[in-house]
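# Commentary on secondary and tertiary structure
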Amino acid sequence: MVPIPQAFSASYAQARVKFLEAAASAGTQIESHRHPLPGRDGEVLALDVALDGDAQSERLLIVSSACHGVEGFCGSGVQVFALHDADWRQQARDAGVAVLYLHALNPYGFSHLRRVTHEGVDLNRNFHDFSRPLPRNTGYDEIAHLLVPANWPPDAENQAAIMRFIGERGMGVWQTAITAGQHNHPEGLFYGGHNPTWSQVTVRQVLRDHARRCQRLGWIDLHTGLGPSGLGERIFACRDDAAALARVRGWWGQQVTSIYDGSSTSALLTGMMWMAVYEECPQAEYTGIALEYGTVPITEVLDALRGDQWLENHPEVGEPQRSQIKRRIRDAFYTDTDAWKLRIVEQGHEAALQGVAGLAGRVMGG
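None of these values were measured; they are calculated from a predicted model.

## Focus on the sheet that holds strand β3 (residues 59-64)
- Spatially, the seven strands line up as an open sheet ordered β1-β2-β4-β3-β5-β7-β6, and their pairing is mixed. This sheet does not close on itself; its edge strands, each paired only once, are β1 (29-34) and β6 (232-236). Here the strands of the sheet are splayed against their neighbours by 20° on average, with no regard to which way each runs.
- In this sheet, strand β4 (residues 97-103) lies alongside strand β2 (residues 46-52) in antiparallel orientation, the contact comprising five bridges. Counted as the bridge partner of leucine 51 is leucine 100 from β4.

This is the structure we're talking about:
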């Protein structure tokens, strides 16, 4: 067992080393899917996969991190701690559950302190059938000109226009318009793309390689940036299906929220990653959540994202503004305090145990 703070890292490169060392010490089966580009400091980037348990198991729990790159500081810490936790690992084995850790679904974003992939795409808005018409986010179209202004920080006119919109329409409408996903503004926020990203292709391959033998599949996808600081909201991460929602709430508690009924802090999204399970693993009964940990207020999160996209659109910007923007986005998605990390790991551990119990037919709830 390692002290909780030591499971977390100050960079993607350090997080990858800690994860691979923990996975090796645990005797897991490890494979790495190398990303085509280098990291911020020239390091190798990869989606690393560690299987703890029987590859032929009929019960599989996936625990994944860094779907939204910079959120990986949190998710990696949870994964590293879990791999060092012999009691947790034994409980999963005793229940006949194999655990598949997917470390850094979006390694480029993790390393470069971006939420998006190297293609500039939000991975959790990218799982579409691109041979068909893509959804149009008219709400985003209306405010696109306000989100990433010509200058950063925004001038008084821009700030006043935003406040007028929020005052007239409400913060919920503002958040939904921005975050639901869009496909018409590649230099904007929450862009879902027009083609499958490297990460989408790789995630699908991992599912085909590791999740086509199980009969029951659980998934905990670790996120940050929504809700009260340190609180892990459990968000229903399946298609809109009453039986699946009942199963999820049976496993993880009646407090599980849903984007479909408006109970979640998240907007209703399209192109979500976990939808790939239904296509790649049709044999499995699938039950999943996104565990969304709060950091700072949503207005600060959105402003950090706006600044980061402005920086991406203006590569000529030098120091110290570049460092200030990058530090702000890191802080928006990762609270680097021992107290926050303790809460994160405790809730992640509880959710993992509940997932194992659910897969084994011993529902814990909560």
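Additional details are given in the paragraphs that follow.
## Considering the environment of alanine 23
- Assignment of secondary structure puts alanine 23 in helix α1 (residues 12-25).
- For alanine 23, the contacting residues outside a window of four places in its chain are Thr28, Ile30, Ala50 and Leu83.

## Let's talk about the packing of aromatic side chains
- For the structure shown, the criterion picks out nine aromatic pairs.
- A ring pair is formed by phenylalanine 236 and tyrosine 260, whose centres lie 6.0 Å apart and whose planes are at 75°; its orientation type is edge-to-face. Here tyrosine 260 lies in the loop between α9 (242-252) and α10 (276-280) and phenylalanine 236 lies in strand β6, a separation of 24 residues in the sequence.
- Take tyrosine 260: its relative accessible area is 26%, and that puts it in the partly exposed class.
- Ring geometry for tyrosine 278 against tyrosine 286: centres 5.7 Å apart, planes inclined by 85°, an arrangement best described as edge-to-face.
- We note arginine 330 situated over the ring of phenylalanine 73; from NZ or CZ to the ring centre the distance is 5.1 Å.

## A look at the packing of helix α3 (residues 86-94) against helix α13 (residues 338-360)
- Across the interface, α3 lies against α13 with an axial gap of 10 Å and an inter-helix angle of 15°. Classified by the angle their axes make, α3 and α13 are roughly parallel. In this structure, α3 meets α13 at a crossing whose hand is left-handed. When α3 is examined against α13, the residues Trp88, Gln91 and Ala92 are found in contact with a partner set consisting of His349, Ala352, Leu353 and Val356.
- Among the residues making up the contact of α3 with α13, the classes are represented as five nonpolar, two polar and no charged.

## With respect to the side chain of serine 111
- Within the element layout of this structure, serine 111 appears in helix α4 (residues 107-112).
- The buried category is assigned to serine 111, whose relative accessible area is 3%.
- There is a polar contact of 2.8 Å between the side chain of serine 111 and the backbone nitrogen of arginine 40.

## A look at unusual backbone geometry
- Of note, the bond from tryptophan 152 into proline 153 is cis; its omega dihedral lies within 30 degrees of zero at 0°.
- Mapped onto the fold, proline 153 is located in the loop between α5 (138-147) and α6 (156-169).
- Here the amide bond leading from glutamate 319 into proline 320 is cis, since omega sits at 0°, within 30 degrees of zero.
- Note that proline 320 resides in the loop between α11 (298-313) and α12 (321-333).
- Of note, alanine 104 is a non-glycine position whose phi angle comes to about 70°, a positive value.
- For alanine 104, the location among the structural elements is in the loop between β4 and α4.
- Given the relative accessible area of 0%, alanine 104 is considered buried.
- Phi angles above zero are rare outside glycine, and leucine 113 is one such case at about 55°.
- Here leucine 113 is to be found in the loop between α4 and α5.

Rules behind the numbers
- Residues numbered from 1 in each chain as written.
- Predicted model: local features only at pLDDT ≥ 70, side-chain atom pairs only at ≥ 80, totals over all residues.
- Heavy atoms only, no water.
- Pairing = 2+ DSSP bridges.
- Helix = DSSP H or I, 4+ residues; strand = E, 2+ residues; numbered from the N terminus.
- Axes fitted to C-alpha atoms, helices over the stretch in contact; angles between N-to-C directions.
- Contact = heavy atoms within 4.5 Å.
- Phe/Tyr/Trp six-rings, centres within 6.5 Å; stacked < 30°, edge-to-face > 60°.
- Buried < 20%, exposed > 50% of the residue type's maximum accessible area, 1.4 Å probe, protein only.
- Lys NZ or Arg CZ within 6 Å of the ring centre and 35° of its normal.
- Parallel < 35°, antiparallel > 145°, perpendicular 65-115°, else oblique.
- Left-handed = near helix turned anticlockwise from the far one by under 90°.
- Nonpolar A, V, L, I, M, F, W, Y, C, P; charged D, E, K, R; others polar.
- Polar contact = N/O pair within 3.5 Å; in protein donor to acceptor, adjacent residues only side chain to side chain.

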